[in-house]
Amino acid sequence: MTADTVQALLAAADDNPLRLVAKGSGTDDVERVIGSFFLDALRMERTSLWSATGGADGEGAPQVHGWPAYFGACYLNAGGDELLLGDVSAPGLPAKLLELFVDIPYSSAHAQLSVAVKGRAKTTRQAQRRAEGDLHARSAERAQWQAQLDLLQQEIQELSGAPEADIAPLLQRTDQAAQELHRLRMSLNDAAQSLADTTAARVGAEQAQLDAQETWQARRVLGRLNPSCCPRCEEPVGDERRAAERDRATCAVCTRPLPEIAEDIAEAVLEQLTTDIATAQEAEAAAAAHHLAIQAAADAAVTAHQQATEVVSSALAASPAHVRLRELELMAAELKGRLAATGTAPPAIPTVSAIPDVLSAVHQLVEATVKASADYLFPTMDSEIVSLSSQFGVQHLNSVTLKRNGNVNPVKEGVKHPFKKLSRGDRLRMRVATVIALLRAGAARHIDTHPGLLLIDSVAAEEMTADAARRLIGELQTLTRELPELQVVFTTAQPELVEGLLPEDHIITSDSEHLF
């Protein structure tokens, strides 16, 4: 929540509406809101650094850092942590926090290039590893196929040289049987057609005889009829028509001339038809006999062809070398196809090109520039850190060496002491001294990269004498005069330490149990 003044904010009652800055529900949401608010308020951006063990595969990946990581550059803890700056141990992060105090030329570009180069190196390394694995698997598989093919070809050669039974005569007899069967089947078709034709001729002759007999009998019967009336209208037939039928041979019903009845001609026709039927029956019997003979010959040819085929099959089955040879040839053909489909020879193992590309060349150039700038700037800050640390109560400090990776290597009484081995009080005093030296080095170069906020809790709690604490507070007060944009907030349970050092409006006290 915000208000126009501190007094309005502290005196705000429930009915005095304030301005809502942000809101969130749940730990993750609140963390996101706080991070976004402070990054925006302190003019900072998230940074991406390379983590050698990051990623799902554990082979490295970019790691994005936001406000939780930057907080260590603003809050100087009371010495509990073993890092010089911050409380997040991540590769490259201490160096990034140093950039907030003193901006080494091209250091941000160097960090981005490092991520890009390492990311590409990882991609290339994984691609090469996959290619090597594929090549190894392919080579092993091809070698196995080639070994199998060599064994098959050797066995094929041995079987091909073995003597075998001559089945050429058997195959010739089988072919002859097949030809004879084909010829007889064609003859059987012709005989069947001839039998069908003679049967049709015999049926036709018998039908003609039957028709002639029916016609002759009908004429004889109708000639004896004496109709009394018309069969359609039932009108009676008169005497005149009966007389005309007797005298002029005209039909008494329809008055048409009656057909002449020649019995000798009719008998001759019937006799000829009987002769035709006998001839047709003889032809049909001959065709049937021929068909039966051809059918019997065709059946015998089928049996002969089957027997010849069985003899060939038996001869082939009796030669296991022939069957095995065929199986081996099929297997060899399959292996040859596999080898041809996967290439005649395995390719060479892919290697990473040793020729430096543009990205690597630029990274190396920027690396050299950053190192040269650090080598020029850091020695001056080292002497400043020693002087301030001694004023704040770090005893027997001979020298320090501030590194670009955020490490500081103090030497006390001529002996190197790792920073994490120092006492909690010495770690806090050296942190404050380092931050002051860095801020003054940045101001001397007219670089304003720090967010402008320093927080120190219990400034005199870590075995610090009153004189050393007052010197530390006074130095912070001097620093804020040198850097008007810098805000320093610290707490102490000893009000006498700030008497006469800070303006009254810079001191917040409380009579209650808790102080915020």
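First things first, this report covers the structure right here in the doc. Not measured: the values here are computed from a predicted model. (Residues numbered from 1 in each chain as written. Predicted model: local features only at pLDDT ≥ 70, side-chain atom pairs only at ≥ 80, totals over all residues. Heavy atoms only, no water.)

Here we look at the packing of helix α11 (residues 424–444) against helix α12 (residues 466–482)
Helix packing geometry: the angle between the two helix axes and the distance between the axes.
Working step 1: Where α11 contacts α12, the two axes come as close as 11 Å, and the packing angle between them is 20°. What the angle tells us is that α11 and α12 run roughly parallel. For the pair α11 and α12, the crossing hand works out as left-handed. Where α11 abuts α12, its residues V432, I436, L439 and R440 lie against L472, E475, L476, T478, L479 and E482.
Working step 2: By residue class, the composition of the contact of α11 with α12 is six nonpolar, one polar and three charged. (Axes fitted to C-alpha atoms, helices over the stretch in contact; angles between N-to-C directions. Helix = DSSP H or I, 4+ residues; strand = E, 2+ residues; numbered from the N terminus. Parallel < 35°, antiparallel > 145°, perpendicular 65-115°, else oblique. Left-handed = near helix turned anticlockwise from the far one by under 90°. Contact = heavy atoms within 4.5 Å. Nonpolar A, V, L, I, M, F, W, Y, C, P; charged D, E, K, R; others polar.)

Some words on the packing of aromatic side chains
Working step 1: Counted according to the given criterion, the structure contains four aromatic pairs.
Working step 2: Between F37 and F38, the aromatic rings sit 5.3 Å apart at their centres with planes inclined by 80°, giving edge-to-face as the arrangement.
Working step 3: With a centroid separation of 5.3 Å and 15° between ring planes, the pair formed by F71 and Y75 is classed as stacked.
Working step 4: Assessed through its relative accessible area of 25%, Y75 is described here as partly exposed. (Phe/Tyr/Trp six-rings, centres within 6.5 Å; stacked < 30°, edge-to-face > 60°. Buried < 20%, exposed > 50% of the residue type's maximum accessible area, 1.4 Å probe, protein only.)

What about the pattern of salt bridges?
Close approach of charged atoms allows side chains with opposite charge to pair.
Working step 1: For the coordinates displayed, the defined rule picks out nine salt bridges.
Working step 2: Between E284 and R202 there is a salt bridge, with its nearest N and O atoms 2.7 Å apart. Within this pair, whereas E284 is found in helix α8 (residues 263–317), its partner R202 is found in helix α6 (residues 168–223), the two being separated by 82 residues in sequence.
Working step 3: By relative accessible area, E284 is classed as buried at 14%.
Working step 4: Judged by relative accessible area, which is 18%, R202 ranks as buried.
Working step 5: A salt bridge links E384 to R440; its shortest N-O distance comes to 3.2 Å. In this pair, E384 sits in helix α10 (residues 358–391) while R440 sits in helix α11, placing the two residues 56 residues apart along the sequence. (Salt bridge = Lys/Arg side-chain N within 4 Å of Asp/Glu carboxyl O.)

Focus: a negative patch on the surface
Working step 1: There is a patch of like negative charges on the surface, built from E496, E499, E504 and D505.
Working step 2: With respect to the element layout, E496 can be found in the segment after β8 (487–490). (Patch = residues over 30% accessible without salt bridge, like charges linked within 9 Å, V, L, I, M, F, W, Y side chains within 5 Å. Areas by Shrake-Rupley, 256 points an atom, 1.4 Å probe, with all protein chains shown as cover. Lys, Arg positive; Asp, Glu negative; His and termini not counted. Charge placed at Lys NZ, Arg CZ, Asp CG, Glu CD.)

Remember, this is a structural readout, not a statement about activity or role.
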